[in-house]
Amino acid sequence: MTELTGSPGKTGLPSEARVLVMTAVEAERDAVLRGLDGDGRFDVRLCGVGPASAAARTAAALAGGEAWTLVVSAGIAGGYPELAPVGTLAIGTASVAADLGVETADGFASVDELGFGASGIAADASLAEALLQALNRAGLVAAAGPIVTASTATGTAATAALRAARVPGAVAEGMEGYGVAVAASDADKPFIELRAISNAVGPRDRDAWRIGDALSALSAAFAILKEVEL
Ligand SMILES: O=C(O)c1cccc(C(=O)CC[C@H]2O[C@@H](n3cnc4c(=O)[nH]cnc43)[C@H](O)[C@@H]2O)c1
């Protein structure tokens, strides 16, 4: 987990902010809307599941003529249990496509190593820190660190370990963050990823997912985010 430090207080969203929030599915969108409670600075849209759909729909939204001041990838996620247990929140310091690269005889090589691009997009550091502090002040448990984006959700301990090794300090795994981040970066817009943990990254056990708890945590997080002031 990345330690974010700094002075609490003077941080956050200005009154004229126009925030584009992208969630994969309707249940996540509705949870975000419950937390926002009608705040007109936010527009919450569906990006579909996976990074390709997320990038395409975010890019289309950003091209729509609105003067967006911030882009947020939000939803539920798998958490690395020691850093982000079920029911807690994860704030991305970067969104990292852990499977974007090639297999070689010597193992995985990322697009960065190949010179083909960047597999990680950094979040807006000051906003991520401000949000972490605001959530903590409100008594919500949140961890900050890289959030993995995977086209295939992890389903085994081996894959969990592999991806954790590729993305040191990873707190969580979702399927859209990197796609939303690429679109935001291409449009030169600040970006953060905010996730609520529904399950542990690791062996697939759908019965153990706590989606309701995670959606409640997501609502609570957005109720805080909308009150954060610059
Ligand atoms: O079944 C439901 O009621 C329901 C409600 C809200 C969301 C869902 C989803 O299945 C959302 C899929 C979404 O969740 C992210 N996610 C969650 N856990 C993981 C994981 O362990 N690894 C990767 N992604 C995860 C992901 O971003 C999906 O788009 C169902």
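As a convention, each chain's residues are numbered from 1 in the sequence order in which they are written. Only residues with pLDDT of 70 or above have their local features reported here, since the model is predicted, and side-chain atom pairs are shown and tallied only from 80 upward, although totals for entire chains, interfaces and linings are computed over all residues. Water and hydrogen atoms play no part in the side-chain values, which are based on all heavy atoms of the structure.

*Asks:* So what's going on with the pattern of salt bridges? Which residues, and what values?
*Replies:* Each reported salt bridge corresponds to a side-chain nitrogen of Lys or Arg within 4 Å of a carboxyl oxygen of Asp or Glu. This structure, assessed with the given rule, holds eight salt bridges. Asp39 serves as the salt-bridge partner of Arg41, at 2.9 Å between the closest nitrogen and oxygen. When a residue's accessible area, from a 1.4 Å probe over protein chains only, is under 20% of the maximum for its type it is buried; when over 50% it is exposed; and in between it is partly exposed. Here Asp39 falls in the buried class, since its relative accessible area comes to 19%. Residue Arg195 is joined to Glu176 by a salt bridge in which the shortest nitrogen-to-oxygen separation is 3.0 Å. Of this pair, Arg195 sits in strand E10 (residues 191–200) while Glu176 sits in the loop between strand E9 (172–174) and helix H6 (177–186); the two residues are 19 residues apart in sequence, bridging distant segments of the chain. Each of the two residues, Arg195 as well as Glu176, counts as buried. Each of the salt bridges in this network shares a partner with another, and the network as a whole consists of Glu176, Glu193 and Arg195. For the purposes of this entry, the term helix denotes a DSSP run of H or I that reaches at least four residues, the term strand denotes a run of E that reaches at least two, and both are numbered from the N terminus.

*Asks:* Break down the UniProt feature "domain: Nucleoside phosphorylase" (unreviewed entry) in the chain for me, with residues and values.
*Replies:* UniProt positions are given in the numbering used here, feature names are shortened, and annotations may be inferred rather than shown by experiment. Mapped onto the present numbering, the UniProt feature "domain: Nucleoside phosphorylase" (unreviewed entry) falls at residues 46–214. Secondary structure content for residues 46–214 is 31% helix and 31% strand, and the end C-alpha separation is 18 Å.

*Asks:* Describe the site of the ligand, with residues and values.
*Replies:* Think of it this way: one heavy atom of a residue within 4 Å of a molecule or strand is enough to make that residue near it. Neighbouring residues of the ligand: 19 residues in total, closest Glu173, Met175, Glu176, Arg195 and Asn199. Counted as a polar contact is a pair of N or O atoms within 3.5 Å, where, for protein atoms, one must be capable of donating a hydrogen and the other of accepting one, and residues adjacent in sequence contribute only when both atoms are in side chains. Within the side chain of Glu173, a nitrogen or oxygen atom sits 2.6 Å from a nitrogen atom of the ligand. Accessible areas in this description were obtained via Shrake-Rupley with a 1.4 Å probe; residue shielding takes into account the shown protein chains only. In isolation the ligand offers 610 Å² of accessible surface; the protein chains occlude 81% of this area. When residues of the shell around the ligand are traced back to their parent elements, those giving at least two are helix H1 (26–36), strand E3 (70–79), E9 and E10. Of the residues belonging to the shell around the ligand, the class tally is ten nonpolar, four polar and five charged. Only Asp, Glu, Lys and Arg are considered charged in this grouping, and only Ala, Val, Leu, Ile, Met, Phe, Trp, Tyr, Cys and Pro are considered nonpolar; every other residue, Gly among them, is considered polar.

*Asks:* Give a detailed account of the environment of Leu13, specifying residues and quantitative values.
*Replies:* Mapping Leu13 onto the fold places it in the segment before strand E1 (19–23). Leu13 gets classed as buried once you look at its relative accessible area, which sits at 6%. With 114 residues separating them along the chain, Leu13 and Leu127 place their C-alpha atoms 8.4 Å apart.

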